[in-house]
Amino acid sequence: MTSSLFLLLALVLPALTLAIDLKPYNETAHGMFISTDSNMDGVLSRDELDATFKGYDTNGDGRVSRHEYTSFVDLHSPTLHSLSHALYDIYDVDGDHHLDKHDYDNFYALIDGDGDGTVEEIEFIKYWSVLFVNLEHLHGHNGR
Ligand SMILES: *[C@@H]1O[C@H](CO)[C@@H](O)[C@H](O)[C@H]1NC(C)=O
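Just so we're clear, the structure is a prediction, and the values are computed from it rather than from any experiment. (Residues numbered from 1 in each chain as written. Predicted model: local features only at pLDDT ≥ 70, side-chain atom pairs only at ≥ 80, totals over all residues. Heavy atoms only, no water.)

## Here we look at the UniProt feature "domain: EF-hand" (unreviewed entry) in the chain
Then comes step 1: UniProt tags residues 44-79 and 99-134 as "domain: EF-hand" (unreviewed entry).
Then comes step 2: In the segment residues 99-134, helix accounts for 69% and strand for 8%; the C-alpha atoms at its two ends are 21 Å apart. (UniProt positions renumbered as here; feature names shortened; annotations may be inferred. Helix = DSSP H or I, 4+ residues; strand = E, 2+ residues; numbered from the N terminus.)

## Some details on the pattern of salt bridges
Then comes step 1: Applying the stated criterion to the full structure yields six salt bridges.
Then comes step 2: Across the pair Arg 46 and Asp 105 runs a salt bridge, and its minimum N-O distance is 2.1 Å. Of the two residues, Arg 46 is situated in helix α3 (residues 46-54) and Asp 105 in helix α6 (residues 101-111); the sequence distance between them amounts to 59 residues.
Then comes step 3: The partly exposed category is assigned to Arg 46, whose relative accessible area is 22%.
Then comes step 4: Classification of Asp 105 as partly exposed rests on a relative accessible area of 30%.
Then comes step 5: For Arg 66, the salt bridge is made with Asp 89, and the minimal N-O distance between the two is 2.5 Å. A residue pair is termed long-range when its members are at least 10 positions apart, and Arg 66 in helix α4 (residues 66-76) and Asp 89 in helix α5 (residues 81-91) qualify at 23 residues.
Then comes step 6: For Arg 66, a relative accessible area of 24% gives the class partly exposed.
Then comes step 7: Owing to a relative accessible area of 44%, Asp 89 belongs among the partly exposed residues under this scheme. (Salt bridge = Lys/Arg side-chain N within 4 Å of Asp/Glu carboxyl O. Buried < 20%, exposed > 50% of the residue type's maximum accessible area, 1.4 Å probe, protein only.)

## Some thoughts on the site of the ligand
Then comes step 1: Inspection of the region around the ligand gives Asn 26, Glu 27 and His 30 as its neighbouring residues.
Then comes step 2: Contact between the ligand and Glu 27: a nitrogen atom at 2.8 Å from a side-chain N or O atom of the residue.
Then comes step 3: Considered on its own, the ligand offers 360 Å² of accessible surface; in the complex 35% of this is hidden by protein. (Near = heavy atom within 4 Å. Polar contact = N/O pair within 3.5 Å; in protein donor to acceptor, adjacent residues only side chain to side chain. Areas by Shrake-Rupley, 256 points an atom, 1.4 Å probe, with all protein chains shown as cover.)

Structure, rendered in structure tokens:
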């Protein structure tokens, strides 16, 4: 899943967090959307979201454990360790310590701000921009 949102998080966030600067958040989110919207139709489909998470299911059991997810992130950047746990907690909407279809349904609904069943880029950017603000205590903010 080289084009996945999470790979992008793993590859882009560390470079940015080293500079302690994800801002502007909406531009960071825009880059994530571009890499996740694999058919480039301006919409994040459920299939595209599922494909992203599937990329983290290293043992192929159909769900993503915290270990699978954080190991993936740690492999690409240990500096993201604390952020990866926070993101996992957000993805694990039902809190059962496994990411599976139920969580993807819920997560998709979270991003779908207007609740029309489709995630447009503007909704994606809005969701992640708020999330980055909420996670500032983890990735830091330098006020620039
Ligand atoms: C991000 O926000 C700035 C300021 O509101 C705006 O000028 C820019 O077009 C936005 N970028 C994206 C990708 O939405």
